[in-house]
Amino acid sequence: MVPLSWYLTFAAALFALGLYAVLARKNAVAILMGVEIMLNAVIVNLVAFWRYGNPSDIAGQAFAVIVFAVAAAEAAVGLALIISIYRRRETVMAEQIDLMKW
Amino acid sequence: MEAVSAAQIIFIVVALLTVATTFLVVTVRNLIHAALWLVATLFGIAVIFVLLDAGFMATVQIVLYIGAIAILIVFAVMLTRRVMQDVGPQSNENWWLGTIVAAVFFAAISTLLWSIRWPALPGAVVGDTVLALGRSLVDPNQYVIPFEVASVMLIIALIGSITLALPGKQSE
């Protein structure tokens, strides 16, 4: 069988790459992609811990399903915000969206 | 250590491919290409779920993430594309700081991970986990309240995103 630490290292690598996208990308849609990758890495961790813990306790998978729902809501609201900003300001560059910066 | 099993070979191949496509997602200049590489990444993660005996999660991953979220992202890229004609750098001037933070994070987490003795073998899966998951989400003694709260949250997110994206009066 595959050791648990392999899954966790894989999820950590995905999370680090998503973190890089959030910190370094200019385009707001690319930042949102980074957030989605990070959420997915978290779900991989949850399912791996469920599998290697006590699989008859379904809590790990139930938690992961809730995280899926939150990720879907986050994507919908985030993309609606980006489209709304684009319509008003003609840009999706995170550094030009500075209305609340002073 | 004993010989590498088939599951381990599949895991290594899929994990390396997935990390490679994720690297392309976060670095490639053309955002449409990034969104398509994101689909490849999400599919690789679905394969990882199958390896973890979580068939329902793999199905939800493909239907929800690839079928809904990734397509939504492709639409968003297309709707906002005119100003970002893929010219110039796609990362801000602090990209090196982001690289350092991400690398330090990964190094710290993985050294921590490899210093812990994890349970060597997964527990045996008894019965139908999909059935157990479905029961637990509607069982008053288990997770029916988180489930209902999540559904209310989805409705609110749906209404909220429609309201946000509507071409309302331009009150600038």
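Residues numbered from 1 in each chain as written. Chains lettered and ligands numbered in written order. Predicted model: local features only at pLDDT ≥ 70, side-chain atom pairs only at ≥ 80, totals over all residues.

Enquirer: So, the confidence of the model for chain B: which residues are in play, and what are the values?
Expert: Residues and elements named next belong to chain B. This prediction gives chain B a mean pLDDT of 84; 89% of its residues lie at or above 70. The weakest mean pLDDT in chain B belongs to helix H5 (residues 129-138) at 84; the strongest belongs to helix H2 (residues 31-51) at 91. Quick note on the complex model: pTM equals 0.87, ipTM equals 0.88. (pLDDT = per-residue confidence, 0-100. Helix = DSSP H or I, 4+ residues; strand = E, 2+ residues; numbered from the N terminus.)

Enquirer: Requested: an account of the interface of chain B and chain A, with residues and values cited.
Expert: Of the residues lining the interface, 74 residues belong to chain B; the matching set on chain A comes to 64 residues. The residue inventory of the side of chain B that touches chain A, partitioned by class, reads 56 nonpolar, 16 polar and two charged. (Contact = placed C-beta atoms within 7 Å. Nonpolar A, V, L, I, M, F, W, Y, C, P; charged D, E, K, R; others polar.)

Enquirer: I'd love a proper account of the domain arrangement of chain B, names of residues and values included.
Expert: Parsing chain B into structural domains produces domain 1 (1-81) and domain 2 (129-164). One C-alpha centre belongs to domain 1 of chain B, the other to domain 2 of chain B; they are set 24 Å apart. (Domains from an automatic or database assignment.)

Enquirer: Could you give an account of the environment of Ala76 of chain A, with specific residues and numbers?
Expert: If you trace the backbone, Ala76 of chain A turns up in helix H3 (residues 59-89). Ala76 of chain A sits in the buried class, given 21 other C-beta atoms within 10 Å. Separated by 28 residues in sequence, Ala76 of chain A and Ala48 of chain A place their C-alpha atoms 27 Å apart. If near-sequence neighbours (up to four positions away) are discounted, Ala76 of chain A is found in contact with Leu72, Ala157, Leu158 and Ser161 of chain B. (Buried ≥ 20, exposed ≤ 12 C-beta atoms within 10 Å, placed from the backbone.)

Enquirer: Talk me through the nonpolar core; I want residue IDs and the actual numbers.
Expert: Ranked by internal contacts, the top residues of the largest apolar core, which has 80 residues, are Val29, Met33, Val44 and Val47 of chain A together with Leu38 and Ile73 of chain B. Only helix H1 (4-24), helix H2 (28-52) and H3 of chain A together with helix H1 (6-27), H2, helix H3 (55-79) and H5 of chain B provide two or more residues apiece to this core. Counting residues per element, this core draws most heavily on H1 of chain A, which supplies 17 residues. Per-domain counts for this core show at least three residues from each of domain 1 (1-81) and domain 2 (129-164) of chain B. Other than its neighbours up to four places away in sequence, Ile73 of chain B contacts Val29, Leu32, Met33 and Leu79 of chain A together with Ala35 and Leu38 of chain B. (Core = buried A, V, L, I, M, F, W, Y, C linked by C-beta atoms within 7 Å.)

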